[in-house]
Amino acid sequence: MIGIVNAKAKRKHVDEDMYDPKKRKIELRRSNRIRRTEVEEKKELKREEENEEQEKENIIEVIQPKPIEVHSSYVHTELSDYEKLRLKNIEENQKFFASLEIFKTKEDMMMGTPKIKKPSSRGLKSEKKPAEPIILRPRSLRLQRIDPSGDPLPKIEFTEPVEEHPRKPAGPLDMTPTNIKNENKENLSTDFSKCMECLQNQLTETESPDMKMCVLPLLKLGLTEERVAKVVPNRIFSLDVHRSASKLIIGVGGKWGHLGIWDVESKNENDGVFLFEPHSRPINCFKFAPMDCGKFLSCSYDGTVRCGDLNKLVFEDVYCTNPDEDQWLSYFDFLSPDGSQLLIGQNMKAGYAALIDRRTNSSPVQTYKLHDRNVKTVSIHPLKKNYFVTASTDTTVALWDLRMLSNEGKNKPLSYLPHLKTVSSAFFSPVTGSQVLTTSVDDRLRIADFDMSGSTQGLNLKTTIRHNNHTGRWLSSFRAQWHPRLEDVFVVGSMDRPRRIELFSTDGTILHNYMEEEFLSSVCSVNAFHPSRNILIGGNSSGRVHVFM
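If you're wondering where the values come from, they're calculated on a predicted model, not measured in any experiment.

Rules and cut-offs
- Residues numbered from 1 in each chain as written.
- Predicted model: local features only at pLDDT ≥ 70, side-chain atom pairs only at ≥ 80, totals over all residues.
- Heavy atoms only, no water.
- Helix = DSSP H or I, 4+ residues; strand = E, 2+ residues; numbered from the N terminus.
- Buried < 20%, exposed > 50% of the residue type's maximum accessible area, 1.4 Å probe, protein only.
- Contact = heavy atoms within 4.5 Å.
- Salt bridge = Lys/Arg side-chain N within 4 Å of Asp/Glu carboxyl O.
- Pairing = 2+ DSSP bridges.
- Phe/Tyr/Trp six-rings, centres within 6.5 Å; stacked < 30°, edge-to-face > 60°.
- Lys NZ or Arg CZ within 6 Å of the ring centre and 35° of its normal.
- Core = buried A, V, L, I, M, F, W, Y, C linked by side-chain atoms within 4.5 Å.
- Expected span 1.5 Å × (residues − 1).
- Disulfide = S-S within 2.5 Å.
- Axes fitted to C-alpha atoms, helices over the stretch in contact; angles between N-to-C directions.
- Lys, Arg positive; Asp, Glu negative; His and termini not counted.
- Polar contact = N/O pair within 3.5 Å; in protein donor to acceptor, adjacent residues only side chain to side chain.
- pLDDT = per-residue confidence, 0-100.

Asker: Help me out: how do you make sense of the overall build of the chain in this one?
Answerer: When you go through the chain residue by residue, the secondary structure sums to seven helices and 29 strands. Expressed as a percentage of the 549 residues in the chain, the buried residues total 40%. Across the chain, every contact between residues at least 6 apart in sequence was considered, and the portion connecting residues at least 24 apart equals 53%.

Asker: Just to check I follow, could you spell out the pattern of salt bridges for this structure?
Answerer: Between side chains of opposite charge, a pair can form as their charged atoms come close. Under the counting rule described, the total for this entry stands at ten salt bridges. A salt bridge links K287 to D333; the nearest nitrogen and oxygen atoms lie 3.3 Å apart. With a gap of 46 residues between them, K287 in strand β7 (residues 283-288) and D333 in strand β11 (residues 328-334) connect regions that are remote in the sequence. In terms of burial, K287 and D333 fall into one category: buried. Close ionic contact of R306 with D317 constitutes a salt bridge, the shortest N to O distance being 2.3 Å. Linking R306 in strand β9 (residues 304-309) with D317 in strand β10 (residues 314-320), this pair joins segments that are eleven residues apart in sequence. In this structure, a network of salt bridges that share partners links the residues K312, E316 and R358.

Asker: Help me out: how do you make sense of the pairing of strand β5 (residues 259-263) in this one?
Answerer: Within a regular strand, the side chains alternate between the two sheet faces. In terms of residue burial, β5 counts as a mostly covered element, since five of its five residues are buried. Pairing of strand β4 (residues 249-254) with β5, which is carried by five bridges, proceeds in the antiparallel orientation. Looking across to β5, one finds that G253 is bridged to L259. Hairpin connection between β4 and β5: a loop of four residues separates the two successive antiparallel strands, and G257 in this loop has a positive phi of roughly 80°. When β5 meets strand β6 (residues 273-276), the two strands line up antiparallel, connected through four bridges. Residue pairing across strands places G260 opposite L275, the latter belonging to β6.

Asker: Would you mind going over the pairing of strand β20 (residues 435-440) with me for this structure?
Answerer: Of all six residues in β20, six are buried, a share of seventy percent or more. Going residue by residue along β20, you find Q435, L437 and T439 tucked away on one face and V436, T438 and S440 tucked away on the opposite face as well. For strand β19 (residues 423-428) and β20, the ladder comprises five bridges, and the chain directions are antiparallel. When the bridges of β20 are listed, A426 appears paired with T438. The hairpin turn running from β19 into β20, its antiparallel successor, is six residues long, and G433 in that turn takes a positive phi close to 70°. Bridge count for β20 against strand β21 (residues 444-451) is six bridges, and the pairing is antiparallel. When the sheet's bridge partners are listed, L437 is paired in β21 with I447. The antiparallel pairing of β20 with β21 creates a hairpin that spans three residues between the two strands, and D443 there sits at a positive phi of about 65°.

Asker: What's the story with the packing of aromatic side chains in this structure? I'm lost.
Answerer: The way to describe two aromatic rings as a pair is by their centre distance and the angle between their planes. All told, the structure shown has 15 aromatic pairs when counted by the stated rule. With centroids separated by 5.3 Å and ring planes inclined at 75°, the aromatic side chains of F428 and F450 adopt a geometry described as edge-to-face. With F428 in strand β19 and F450 in strand β21, the pair connects residues that are 22 residues apart, well separated along the chain. By the burial criterion, F428 is buried, and F450 matches it. Taken together, the aromatic side chains of F276, F286, F288, F296 and F315 make up a single cluster linked through ring pairs. A cation sits over an aromatic face here: K287 above F332, 5.7 Å from the ring centre. For the cation-ring pair, R473 lies above W474, with the distance from its terminal atom to the ring centre recorded as 4.4 Å.

Asker: What should I look at first to understand the nonpolar core in this one?
Answerer: Within soluble globular proteins, side chains that are nonpolar generally end up buried alongside one another. Counting residues in each nonpolar core, the largest one holds 29 residues, and the members touching the most others are L297, V305, F332, L342, I344 and F490. It is β11 that provides the largest number of residues to this core, a total of four residues. In terms of nonpolar packing, the next biggest core, distinct from the first, is built from 19 residues, V232, V241, W262 and V526 among them.

Asker: When you look at helix α3 (residues 81-100) in this model, what are you seeing that I'm missing?
Answerer: Since there are 3.6 residues in each turn of an α-helix, residues three or four apart along the chain are aligned in direction. Relative to the 28 Å expected for 20 residues at 1.5 Å per residue, α3 spans 30 Å between its end C-alpha atoms, a close match to the ideal helical length. With its phi angle positive at about 55°, E101 sits one or two positions after the end of α3.

Asker: Explain the state of the cysteines here, please?
Answerer: A disulfide bridge is the covalent bond that connects two cysteines by way of their sulfur atoms. Tallied over the full model, the rule gives zero disulfides. C299 supplies the cysteine sulfur nearest to C285, a cysteine that is in no disulfide, at a spacing of 6.0 Å. Overall, C285 belongs to the buried group, its relative accessible area being 1%.

Asker: Would you take a moment to explain the environment of T464 for this structure?
Answerer: One can find T464 in strand β22 (residues 458-466). Measuring from C-alpha to C-alpha, the distance between T464 and G508 comes to 7.6 Å, with 44 residues separating the pair along the chain. In this view, T464 contacts R444, L445 and R446; residues no more than four positions away in its chain are not counted.

Asker: I would appreciate a short explanation of the sheet that holds strand β28 (residues 536-539) in the present structure.
Answerer: Overall, antiparallel pairing links the four strands, which are arranged β2-β29-β28-β27 in an open sheet. Two strands close off the open sheet at either side, each with one partner strand: β2 (228-230) and β27 (526-529). Between one strand axis and the next, the sheet turns through 20° on average, direction left out of account. Alignment of β28 against strand β29 (residues 544-548), held across four bridges, turns out to be antiparallel.

Asker: I tried to follow the side chain of E487 on my own but got confused; where do I start?
Answerer: Examined against the element boundaries, E487 turns out to sit in the loop between β23 (481-482) and β24 (489-493). Despite its burial, E487 pairs with no opposite charge, the nearest such side chain being K462 at 8.8 Å. Within the structure, E487 has its side chain in polar contact with the side chain of S429 (distance 2.9 Å). The residues touching E487, leaving out its near neighbours within four places in the chain, are S429, P430, V431, T432, G433, S434, Q435, W482 and T506.

Asker: Even after reading the chapter, I still don't get the confidence of the model for the chain, so can you show me in this structure?
Answerer: Note that predicted coordinates carrying low pLDDT should not be read in detail. In the predicted model, the chain carries a mean pLDDT of 83, and the fraction of residues at 70 or more is 84%. The model gives residues 1-5 a pLDDT under 50, and that stretch makes zero contacts with residues more than four places away or in other chains. Within the model, the stretch residues 62-76 combines pLDDT values under 50 with four contacts to residues more than four positions away or in other chains.

Asker: Help me out: how do you make sense of the sheet that holds strand β12 (residues 341-347) in this one?
Answerer: With antiparallel pairing, four strands are arranged side by side in an open sheet as β11-β12-β13-β14. Each edge of the open sheet carries a strand with a single partner, namely β11 and β14 (365-371). Taking the axes of each pair of neighbouring strands and ignoring which way they run, one obtains an average angle of 25° across the sheet. Summarising the sheet, β11 and β12 pair through six bridges and their orientation is antiparallel.

If you want it as structure tokens, here you go:
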């Protein structure tokens, strides 16, 4: 009786659990977990059984191999003990898996699992709706070229891109100052003509004085407010001083083809500054002709060399590269005192030298490939005109002989002086040409001996001076310049503060720092001495020229 009551109570408890949703959910999860475990075990057993069958087949193939013709001494008629033991283990494993009846259980579960039936397709058939067409957005009024009122907008006319700084037309170009207003143009043009006429036939013979006698006056040079003027609108790339001993005339080459002439001692309303525009790109080299007071030459990145004739008041073409090719000119030097023969540094994916002879009509230009990269400067020996040196961005200074150059292929230098980085300039000493002064981006000034008579012919490094030459992109590069009458003194700009211009000797000693904080507050990258007077000129990157005298 008690057992019956307990059974009923137990059944009642089970029925209540069946209707409890939480417990019902737990039971379903438990049964599903058990079922998944059983299914996975069956799959695992089936895989093992298939593997065992495959191994058995492989063993049988090993036991009964195909007849092979081998030597009689290698034939074995009986299985080894290891192979017998392995076959015995396989048989025992198969009997054990067969006793578990795993595969039978798997088949029973597969039979008990109901198949999912597809929904009936009888009766009403579902109709497929046609795809609705995509409605395109209307084009905007801007694309339709219509204004908000509905009127059509004018057509856009295509204009070809115009070069920002095109090359100036072929010369001769009028030498008319551009900084003079129309009402004053006649008066100041007359002043300029008179100023230039005073320079005619005013050449001074330069001597080679003793260093001590010439350096001492240089240490006393000073700067005043009246001797500072803005000569070109932008950065100064080059400058030179006229050789006249009675009149101080300075020529300056600017960034966008501007050429400024400054009569320092003039007192007219324009402060003696006359601005011209013979080029369209930076004038990287400007020089007065050595033996012709009335001429000066300028070389520009726009691929042209022009000669300013003070007698005719025009700019004449000396040399022009092909305008359709990307060629630019970097520097030039005089082969003849009258300026009829020039050696020009020309660049077009490599460094070339162009030999210009204006006296001949046939083949006036000869070009020679010298470097794989650009040529920065060229300098001709003051006495032996067949020798010249080039500074290049390939980190070398090379020595060449004009008599040995060929128009075909790249030429081989007589000697070269290696540097660590780009070489900004290399110049022969002005009197004897026995030394070469170089300026490099590796923050070094170098002086090399030039000798073609001894056993060590060529360029031989003599002195290395540490100097900060990192001017950056907004300042013109430093180019150390010799004193025109001395072999042992040169001048170079400085990045030190307070701003200064440094005077060096060839042994690396700083002879003097030209400083004037009140009037010199910027870096003078381009500097030069007067050929016959104790005057120093410095130009900065805002177009101002400073005259120490």
